[in-house]
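# Structural overview
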Amino acid sequence: MTDAAPIMNGPANGSLATRNSNDAVSRGLKRRYAAERRFKAYGILAIAFAMGMLGLLFTTIVSKAIPAFTQTMINLEITLYPQDIDPQGTRDRQTLSSANYRNVIRQAYYDLFPDVTNRRDRRDLFDMISPGAVYEIRDMVMANPNLIGERVTVQMPMSDDIDQLNKGQIRKDSPEAERRVKDKQIAWFERLENRGLIETVFNTTFFTAGDSREPELAGIFGAAMGSLFTMLVTLLVSFPLAVASAIYLEEFAPVNKWTQTIEVNINNLAAVPSIVFGLLGLAVFINFFGMPRSAPVVGGLVLALMTLPTIIIAARSALKSVPPSIREAAYGLGASPLQVITHHVLPLAMPGILTGTIIGMAQALGETAPLLMIGMVAFIVDVPHGALDPATVLPVQIYLWADSPERAFVERTSAAICVLLAFLVIMNVGAVFLRKRFERKW
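A few points on the structure. (Residues numbered from 1 in each chain as written. Predicted model: local features only at pLDDT ≥ 70, side-chain atom pairs only at ≥ 80, totals over all residues. Heavy atoms only, no water.)

Per the secondary structure count, the protein chain includes 18 helices and three strands. Principal-axis analysis of the C-alpha atoms gives the protein chain an extent of 135 × 75 × 40 Å. Counting over 442 residues, the protein chain shows a buried share of 40%. Considering only contacts within the protein chain whose residues lie at least 6 apart along the sequence, 76% involve residues at least 24 apart. By element, 61% of the accessible surface of the protein chain is carried by carbon and sulfur atoms, the whole surface being about 24300 Å². (Helix = DSSP H or I, 4+ residues; strand = E, 2+ residues; numbered from the N terminus. Buried < 20%, exposed > 50% of the residue type's maximum accessible area, 1.4 Å probe, protein only. Contact = heavy atoms within 4.5 Å. Areas by Shrake-Rupley, 256 points an atom, 1.4 Å probe, with all protein chains shown as cover.)

Rendered as structure tokens:
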């Protein structure tokens, strides 16, 4: 009987070991599942934090930008006296252009405040109207000289300080020493409001004018046209060179140390700081070739050098994604290597190439540092009409306005950022659309 006891305890011991093993596995699974849940929660928190910061950024920018899309105007009745505009009655355009429109506006404006007679008070009173009002009257008269001698109502912009006062950016209840608008100017503005002469309208000047020292006259049209010409030069230079380089390296180049060196350098150039390309453009295009400073053609060439590696890498990836069977079938039908590339491989790879190109162009659109090095930081008032005209671009315009001391430029800086972000979003959406629309799966 004594020999049977160990035999009877064997299954019990095995069962206990099995239960212990199962418990250990169960505890291990619970720990693993708990770790996975924590990792998932950390990921969700990271995404939520990133989205929250992005939302805060956009909310801050948009909230500051909204006031820039409106402008405070005054509806002023003026008499276009012939003795001030065209004393000889010749209707000569040079005479009309250089006429004393400032005096015309001053007389009409002073008539609204007959009680203001002090010379200093009159100067403060007239400072409430933007200097751009003179150009409004001049353009109106030159467009229709028959208005000379007539009494017309003209809507003219107020100064940037009065505009900020009307929008609540300058508080009326703050001490006079802490604001740019005097107490008497606030009283005069309230008198104009009570008479119904003040109106807040959509700021079309922001979208139709070039840069200006006066915030109420500044617009982004000049910078937008400069960006357009710069991007056109960048696209015309970088796209064909990048695609041709990618086709050669992927389809024709032999595998040796020279091609490997070229590939390594292309990958390295994609990581080079953009300001280095600006220094290269300054040394080569401006100092050596003598090309004009602050011109879109130079900016486009610099950005093309910066964009080339990005497009080449994207184009090579798109060419690699085309199945070898496409090439083999074309060769089997007697096509030459060039025909295989141009008629079969390149059309199938074009969606990926276009996507990489748009992404590279979007990156170039937001660049500032290389353009600062070639002089595109200059103050440009006129809207450029070609790639050789002096111009600036949207990112540089934002940089210039952000550095300006006037409070009204803060909202215009935010508004310009919104416009630039809109262009970038449109370009990235276009890249996604092209990829989805022309993507081929094998």
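On we go from here.
Attention now moves to a nonpolar patch on the surface. Together, Ile47, Met51, Leu54, Leu57 and Phe58 make up a nonpolar patch on the protein surface, roughly 480 Å² of accessible area in all. Mapped onto the elements of the fold, Leu54 is located in helix H1 (residues 4-65). (Patch = residues over 30% accessible without salt bridge, like charges linked within 9 Å, V, L, I, M, F, W, Y side chains within 5 Å. Salt bridge = Lys/Arg side-chain N within 4 Å of Asp/Glu carboxyl O.)

Right, let's get into the pattern of salt bridges. Taken as a whole and judged by the stated rule, the model has 17 salt bridges. Between Lys167 and Asp163 there is a salt bridge whose closest N-O contact spans 2.9 Å. Of the two residues examined, Lys167 and Asp163, each falls in the buried class. A salt bridge links Glu250 to Arg316; the shortest N-O distance between them is 3.0 Å. Of this pair, Glu250 sits in helix H10 (residues 221-252) while Arg316 sits in helix H13 (residues 296-320), placing them 66 residues apart in sequence.

Relative to the helices and strands, Asp124 is located in helix H5 (residues 119-126). Sequence-distant contacts of Asp124, defined by excluding residues within four places in its chain, comprise Lys182, Lys184, Gln185 and Trp188.

Assignment of secondary structure puts Ser227 in helix H10. Residue classification places Ser227 among the buried residues on the basis of a relative accessible area of 6%. Setting aside chain neighbours within four positions, we find Ser227 in contact with Leu365, Thr392, Val393, Leu394 and Pro395.

By the definition in use, this model includes 10 aromatic pairs. A ring pair is formed by Phe206 and Phe207, whose centres lie 5.2 Å apart and whose planes are at 90°; its orientation type is edge-to-face. Using a relative accessible area of 0% as the deciding quantity, one classes Phe206 as buried. In textbook terms, an aromatic cluster arises when at least three aromatic residues are bridged by ring pairs, as seen for Phe69, Phe202, Phe206, Phe207, Trp401 and Phe409. (Phe/Tyr/Trp six-rings, centres within 6.5 Å; stacked < 30°, edge-to-face > 60°.)

A word on unusual backbone geometry. The residue Arg91 is not glycine, and still its phi comes out positive at about 60°. Tracing the sequence through the fold places Arg91 in the loop between helix H2 (82-85) and helix H3 (93-97). Residue Arg91 is classed as partly exposed on the basis of its relative accessible area, which comes to 36%. Positive phi is not limited to glycine here, since Ser294 has a value of about 55°. Position of Ser294 among the secondary structure elements: in the loop between helix H12 (274-288) and H13.

So, on to the packing of H10 against helix H15 (residues 337-365). Where H10 meets H15, the closest approach of the two axes is 9 Å, and the angle between their N-to-C directions is 140°. Between H10 and H15, the crossing angle belongs to the class labelled oblique. The handedness of the crossing between H10 and H15 is right-handed. Here Ser227, Met231, Thr234, Leu235, Phe239, Val243, Ile247, Glu251 and Phe252 of H10 lie close against H15, whose contacting residues are Pro337, Ile341, Val345, Leu346, Met350, Ile353, Leu354, Thr357, Met361, Ala364 and Leu365. The class makeup of the residues in the contact of H10 with H15 is 16 nonpolar, three polar and one charged. (Axes fitted to C-alpha atoms, helices over the stretch in contact; angles between N-to-C directions. Parallel < 35°, antiparallel > 145°, perpendicular 65-115°, else oblique. Left-handed = near helix turned anticlockwise from the far one by under 90°. Nonpolar A, V, L, I, M, F, W, Y, C, P; charged D, E, K, R; others polar.)

A word on the packing of helix H4 (residues 101-110) against H5. One way to put it is that H4 packs onto H5 with a least axis distance of 11 Å and a crossing angle of 105°. When the axis of H4 is compared with that of H5, the two are roughly perpendicular. Mapping the contact onto sequence places Arg102, Ile105, Arg106, Tyr109 and Tyr110 in H4 and Arg122, Arg123, Leu125 and Phe126 in H5. Among the residues making up the contact of H4 with H5, the classes are represented as five nonpolar, no polar and four charged.

The biggest cluster of nonpolar side chains holds 40 residues, and the ones touching the most others in it are Ile78, Leu80, Ile85, Tyr109, Met128, Ile137 and Leu192. Contributing elements (two or more residues each) for this core: strand E1 (70-79), H4, H5, helix H6 (133-143), strand E2 (151-157), helix H7 (160-166) and helix H8 (183-194). Ignoring any residue separated from it by four or fewer positions in sequence, one finds Ile137 in contact with Ile78, Leu80, Tyr101, Ile105, Val154 and Met156. In this structure, Ala295, Leu301, Met376 and Trp401 belong to the second largest nonpolar core, which totals 36 residues. (Core = buried A, V, L, I, M, F, W, Y, C linked by side-chain atoms within 4.5 Å.)

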